[in-house]
Amino acid sequence: MLDNLSSSLKETIRKIAKAKRIDKQTVDELVRDIQRALIQADVKISLVKEISSRIRERSLKEKLVLNPREHVIKVVYEELINIIGRGVEVPLAAQRIMMVGLHGTGKTSSCAKLARYYQKKGLKPAVICADVYRPAAAEQLRQLCEKIGVPFYDGANLPEREKGVMGIVNAGVKEFEKYDVKIIDTAGRHALEKEMIKEIEDIKKAINPEQRFLVLDASIGQQASVQAHAFDDAIGITGIIITKMDGTAKGGGALSAVAETNSGVAFIGTGEKTDDFERFEPDGFISRLLGMGDIKSLIETAEASLKPEDVDADFLKGKFTLKDLYKQLEAMKKMGPLKKLMEMLPLGGLGLGLDVNLDDTIYQVTEDKLKRYKVMMDSMTEEELTEPRIIDGSRTKRIARGSGTTTAEVNELIKYHRMMQKMMKGLTSGRGSGKIPGMRGMKMPMSTSMGKMMKRMK
Ligand SMILES: Nc1nc2c(ncn2[C@@H]2O[C@H](COP(=O)(O)OP(=O)(O)OP(=O)(O)O)[C@@H](O)[C@H]2O)c(=O)[nH]1
Ligand SMILES: [Mg+2]
């Protein structure tokens, strides 16, 4: 799904992750890459221009809470979400749903997919076929419903004169009184003809469905907004289903065009099978396009838990004491379990050798180890903590005794500290301006380097 867009965006993020520094040139390149990717995905030019200037502006001017690389990634992520819209709530409750859309967009398939969705959520769905024009329509829907064990109604029991659209809809709703979710399939037409609009207006009036889903074929790209507007004017669309996302590179156009209207995308269809259907959630969708874990929660956790005061001023002078290490551990603890943190790192999983693919046992050991480090440090004197160099053999023995650990473990901690110190020195001295990258968002270099170190120590 949107494979081209996804692979270009992933490549762009990878470039940012590897960039030596984030300056105007890097951001310009990033913006150019994103422009190319979006235009290929059929996103409207004016929208592409808009997002470009916002990314440029925000990347370089906004106050940093995260480190510069993460900041840029966060900006890209948020701006992409902006152009694909908010998505919509889909309540899991008893309701009536009518499906509308032009000919062949995937209404009938989506009725079955939707029924399956609610069925999986533990609700009882039933489907009504209000397409009396295409002879095979009822049979198509009946077969789909049979496969998933969902009851189906097409007015077969009605006297001939009541077999019109309104007769079937009214009888169907009555027939399925005891079912939670009643889904009504309607007929498609070739264009936005008056009669079709009249018919869906009548259905709406007769049964007052809480949900009115518009089904759009992703391959129409930017045209999506014209249809969304027209249907919205007629019956007030509560959600959009974009189908055939699997078969087109234009999905970006359809998504962004919809976002420009007042509607939001509720579901996307990703294949012909009844299970090829998913809820559309902008955060998850963009995270997946960018090839990352859960970016949103990472950003929220980082912003909520790490403040500048968490970082010792001594660190600025290029000194990295055991106390600083202690602070790091504290900060990391605040941010939650190590495993979760590692998984959430935005630069993780990009093949940069950052330790995000460790298995569970390693994380377990690592967290235990961190706890022991803290216990050992609690047994150290103030002097030892600020000048770890003075920790000799007899001090080591004392610390081990005091903390209920072994001398080997204390030595391991000292070794670990030394490695971290080296790492931090590298960070404070290198990289251009002499400033520490991501001073405020320390956890990125810290936690990744920490993971690396620990792997080496194992
Ligand atoms: N690949 C793919 N095909 C789909 C998807 N959704 C629907 N289709 C196919 O699109 C074709 C048309 O789907 P229908 O559900 O019959 O469309 P419709 O809107 O009910 O059509 P009319 O009732 O004639 O207006 C069928 O062959 C479906 O299998 C999707 O998400 N991906
Ligand atoms: Mg149909």
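Everything that follows concerns the structure shown earlier in this document.
This text gives an overview of the structure that appears in the document. Since the model is a prediction, treat every value here as computed from it, not as a measurement.

### Overview of the site of ligand 1
Right, so step 1: Near ligand 1 lie 19 residues; those nearest to it are Gly106, Lys107, Thr108, Ser109 and Asp246.
Right, so step 2: With four residues, helix α5 (residues 107-120) is the single largest residue contributor to the shell around ligand 1.
Right, so step 3: Class assignment for the residues of the shell around ligand 1 results in no nonpolar, 12 polar and seven charged.

### Looking at the packing of aromatic side chains
Right, so step 1: Going through the model one piece at a time under the given rule, you end up with seven aromatic pairs.
Right, so step 2: Taken together, a centroid distance of 6.3 Å and an interplanar angle of 85° make the contact between Tyr153 and Phe176 edge-to-face. With a gap of 23 residues between them, Tyr153 in strand β3 (residues 152-153) and Phe176 in the loop between α7 (165-175) and β4 (181-186) connect regions that are remote in the sequence.
Right, so step 3: Between Phe176 and Tyr179 the ring centres are 5.4 Å apart and the planes differ by 80°, which places this aromatic pair in the edge-to-face class.
Right, so step 4: Look at Tyr179 and you get partly exposed, because its relative accessible area is 27%.
Right, so step 5: An aromatic cluster is present here, built from Tyr117, Tyr118, Phe213, Phe267 and Phe277 joined pairwise through their rings.
Right, so step 6: A cation over a ring is seen here: Lys124 above Tyr179, with NZ or CZ 5.2 Å from the ring centre.
Right, so step 7: Here the guanidinium or amino end of Arg279 rests over the ring plane of Phe267, the centre of that ring lying 5.7 Å away.

### As for the nonpolar core
Right, so step 1: Among the nonpolar cores identified, the biggest contains 71 residues, and Leu38, Leu80, Ile242, Leu255, Phe285 and Ile286 are the most heavily contacted of them.
Right, so step 2: Per-element tally for this core: the top contributor is helix α4 (residues 68-84), with nine residues.
Right, so step 3: Per-domain counts for this core show at least three residues from each of domain 1 (3-84) and domain 2 (95-280).
Right, so step 4: Residues Val88, Tyr118, Leu123 and Phe213 belong to the second largest nonpolar core, which totals 28 residues.

### Observations concerning the pairing of strand β5 (residues 211-217)
Right, so step 1: Most of β5 sits inside the fold, with seven of its seven residues counted as buried.
Right, so step 2: Here β5 shows no split at all, with Gln211, Phe213, Val215 and Asp217 on one side and Arg212, Leu214 and Leu216 on the other all buried.
Right, so step 3: In the sheet, strand β1 (residues 95-100) pairs with β5 via four bridges, with the strands oriented parallel. Within β5, the position partnered with Val100 by the bridge is Leu214.
Right, so step 4: When β5 meets strand β6 (residues 239-243), the two strands line up parallel, connected through five bridges. What sits directly across from Leu216, in β6, is Ile242.
Right, so step 5: In this fold, β5 hands off to helix α9 (residues 224-235), which returns the chain to β6; that crossover is right-handed.

Calculation rules
Residues numbered from 1 in each chain as written. Chains lettered and ligands numbered in written order. Predicted model: local features only at pLDDT ≥ 70, side-chain atom pairs only at ≥ 80, totals over all residues. Heavy atoms only, no water. Near = heavy atom within 4 Å. Helix = DSSP H or I, 4+ residues; strand = E, 2+ residues; numbered from the N terminus. Nonpolar A, V, L, I, M, F, W, Y, C, P; charged D, E, K, R; others polar. Phe/Tyr/Trp six-rings, centres within 6.5 Å; stacked < 30°, edge-to-face > 60°. Buried < 20%, exposed > 50% of the residue type's maximum accessible area, 1.4 Å probe, protein only. Lys NZ or Arg CZ within 6 Å of the ring centre and 35° of its normal. Core = buried A, V, L, I, M, F, W, Y, C linked by side-chain atoms within 4.5 Å. Domains from an automatic or database assignment. Pairing = 2+ DSSP bridges. Right-handed = clockwise from strand over helix to strand, strands pointing away.

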